[in-house]
Amino acid sequence: MTEPVVGGHRYRMTVRARLALTYSALLTGAGIVLLSIIYAFMRFVPTYDLVPAASVPAATLDPVAPSPLPSPSEGSSPAASTVPAELLINSTDQMLNVLLGVSVIVLLVLAVAGIAVGWAVAGRMLRPLQYINGAARKAANGDLQQRIHLTGPRDEISELATNFDEMLAQLERSFAASKRFALNASHELRTPLATSRAMLDVAIAQDHDEEARAVFDRLRIMNERSIETVEALLDLAKIQSSTARPELIDLAAAASEVVSACRAEAVAHGVRVEAQLDAATVEVEPVLLRQLLTNLVQNAVRHNIDDGVVTVRTGTDAAGAAEFEISNSGVVLDEGMLAGLSEPFARAAGRTAGSSTRGHGLGLSIVSAIVDRFRGTLELEPRPDGGLRAIVRIPAAAATSS
């Protein structure tokens, strides 16, 4: 049996409704069994000897005697002359039919009462699951600090709530330890890398041997990439711990500033940037929004081809969410590799690209983390003629601030 489809989604009855119907079915089934036993017993076990109701013989009535007329004071009300109707049973079949009819009415009442009582009881029993569901939704959005703290009798639902709280606590500790490690490791690496850069600069300035300068130049490039990677790791670790207050920002204006800042790098790489910026208001942290847009634009410029193009568009979708779309030319990408592009150190050419690859492989990871913080969505799809299209949707300002 297939489930009905409502509004493009398969309709599924709630657990509360299923429990209410189950309670009603059990109650009605028990009533059917009980009344069936009673009916069978009343039909086949006793032997009935019903006596017709006593009646007045017609011979005892005096046909000559005039019938008494009501006096004017007594009136002639129809109600006074009407005999109350009585349920008269003068056969076994009539009695059993009456029993059957009353039983059907009682069963209908039991079914309706069972649904009402079952609905109330199921709602009370399932109410703790609503708290667990709300906590799971918040945890999915990144809030690992909230707890359920369910009170009440010790049962399966309370054990589930307790285990869920313990899982959230362990996840919070794990994420906190991971962030501390990333921050500490990045801080520890910044100093020796900065020192190495200074020493290489001195060596390049003092050594005039061409072969040695070429080696120093290559070391300088590798050192710069290491510094960029460390800075990106620091940024990735600081995103979730950001304490900046959200502000109302025009997405088009922010995108225009980022495109202007990255245009020199695009020109240097021979990439043309085209922008179509329509107004769209978001309420987010300005620093994180600028970082998100910068990483997307730089990723589109750096992972491009000679004489390539980057297209930037802002606006709102049908649901009112702010939308930032960027696409770039490039090599043809496989649909299967898109899911891993937002992972750390992942590139379209592979997870560990060669030294000639521009970038550090953390751009889309930072973008994905910021989008999650904004409670938005990030969609990546390959362009048919090569390259990548990225679409970021951020909820409307009122929805984000709630």
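Residues numbered from 1 in each chain as written. Predicted model: local features only at pLDDT ≥ 70, side-chain atom pairs only at ≥ 80, totals over all residues. Heavy atoms only, no water.

As annotated in an unreviewed UniProt entry, the chain carries the name histidine kinase and comes from Microterricola gilva. Heading Subcellular location (unreviewed entry) of the UniProt record for the chain holds this comment: "Cell membrane". (UniProt positions renumbered as here; feature names shortened; annotations may be inferred.)

A. Spatial organisation of a nonpolar patch on the surface. Together, Ile-89, Val-98, Val-102 and Val-106 line one region of the surface with nonpolar side chains, adding up to about 260 Å² of accessible area. By the secondary structure assignment, Val-106 is in helix α3 (residues 92–140). Since its relative accessible area comes to 37%, Val-106 is described here as partly exposed. (Patch = residues over 30% accessible without salt bridge, like charges linked within 9 Å, V, L, I, M, F, W, Y side chains within 5 Å. Areas by Shrake-Rupley, 256 points an atom, 1.4 Å probe, with all protein chains shown as cover. Salt bridge = Lys/Arg side-chain N within 4 Å of Asp/Glu carboxyl O. Helix = DSSP H or I, 4+ residues; strand = E, 2+ residues; numbered from the N terminus. Buried < 20%, exposed > 50% of the residue type's maximum accessible area, 1.4 Å probe, protein only.)

B. Molecular detail of the packing of helix α6 (residues 251–268) against helix α7 (residues 286–302). It is the contact of α6 with α7, at a shortest axis distance of 9 Å, that shows an interaxial angle of 40 degrees. What the angle tells us is that α6 and α7 run oblique. By crossing handedness, the relation of α6 to α7 is classed as right-handed. The residues of α7 that touch α6, namely those facing Leu-251, Ala-254, Ala-255, Val-258, Cys-262, Glu-265 and Ala-266, are Leu-289, Arg-290, Leu-293, Thr-294, Val-297, Gln-298, Val-301 and Arg-302. Of the residues contributing to the contact of α6 with α7, the split by class is 10 nonpolar, two polar and three charged. (Axes fitted to C-alpha atoms, helices over the stretch in contact; angles between N-to-C directions. Parallel < 35°, antiparallel > 145°, perpendicular 65-115°, else oblique. Left-handed = near helix turned anticlockwise from the far one by under 90°. Contact = heavy atoms within 4.5 Å. Nonpolar A, V, L, I, M, F, W, Y, C, P; charged D, E, K, R; others polar.)

C. Seen up close, the sheet that holds strand β8 (residues 377–382). Pairing is mixed across the open sheet formed by five strands, whose spatial order is β4-β6-β7-β9-β8. Two strands close off the open sheet at either side, each with one partner strand: β4 (272–277) and β8. Averaged over all pairs of adjacent strands, the angle between strand axes in this sheet comes to 10 degrees, irrespective of strand direction. Where strand β7 (residues 322–328) lies against strand β9 (residues 388–394), seven bridges are found, and the strand directions are antiparallel. When the sheet's bridge partners are listed, Phe-324 is paired in β9 with Val-392. Across the sheet, α6 is in contact with β4, β6 (309–316) and β7; its angle to β4 comes to roughly 175 degrees. Along the sheet, α7 makes contact with β6, β7 and β9, crossing β7 at roughly 20 degrees. (Pairing = 2+ DSSP bridges.)

D. Seen up close, the pairing of β7. Summarising burial for β7: seven of the seven residues are buried, a large majority. With burial as the criterion, each face of β7 is covered, one bearing Ala-322, Phe-324, Ile-326 and Asn-328 and the other bearing Glu-323, Glu-325 and Ser-327. Two elements, β6 and β7, share seven bridges in a ladder whose sense is antiparallel. Within β7, the position partnered with Val-312 by the bridge is Ile-326. If you look at the hairpin formed by β6 and β7, you'll find five residues sitting between the two strands, and Gly-320 has a positive phi there, around 90 degrees.

E. How the structure looks around α3. In this model, α3 (49 residues) spans 69 Å end to end at C-alpha, consistent with the 72 Å of a helix rising 1.5 Å per residue. In the structure, α3 departs most strongly from a straight axis at Leu-126, where the bend amounts to approximately 40 degrees and where the proline Pro-128 lies between one and four residues downstream. Of the residues one or two after α3, Gly-142 is the one with positive phi, at around 105 degrees. (Expected span 1.5 Å × (residues − 1). Bend = angle between axes of the 7 residues up to and from the residue.)

F. Structural context of α7. The terminal C-alpha atoms of α7 lie 24 Å apart, and with 17 residues this matches the ideal 24 Å at 1.5 Å per residue to within 8%. Taken as a whole, α7 has its buried residues at Pro-286, Leu-288, Leu-289, Gln-291, Leu-292, Leu-293, Asn-295, Leu-296, Val-297, Ala-300 and Val-301.

G. Quick look at the pattern of salt bridges. In the structure shown here, the tally under the stated rule is 15 salt bridges. Across the pair Arg-393 and Glu-323 runs a salt bridge whose closest N-O atoms are separated by 2.7 Å. One end of the pair, Arg-393, is in strand β9; the other, Glu-323, is in strand β7, and 70 residues separate them in sequence. Residue Arg-393 is classed as partly exposed on the basis of its relative accessible area of 22%. We note a salt bridge from Glu-325 to Arg-389, for which the minimum N-O separation is 3.2 Å. Of the two residues, Glu-325 is situated in strand β7 and Arg-389 in strand β9; the sequence distance between them amounts to 64 residues. What emerges from the salt-bridge pattern is a single network uniting Arg-313, Asp-317, Glu-323, Glu-325, Glu-379, Glu-381, Arg-389 and Arg-393.

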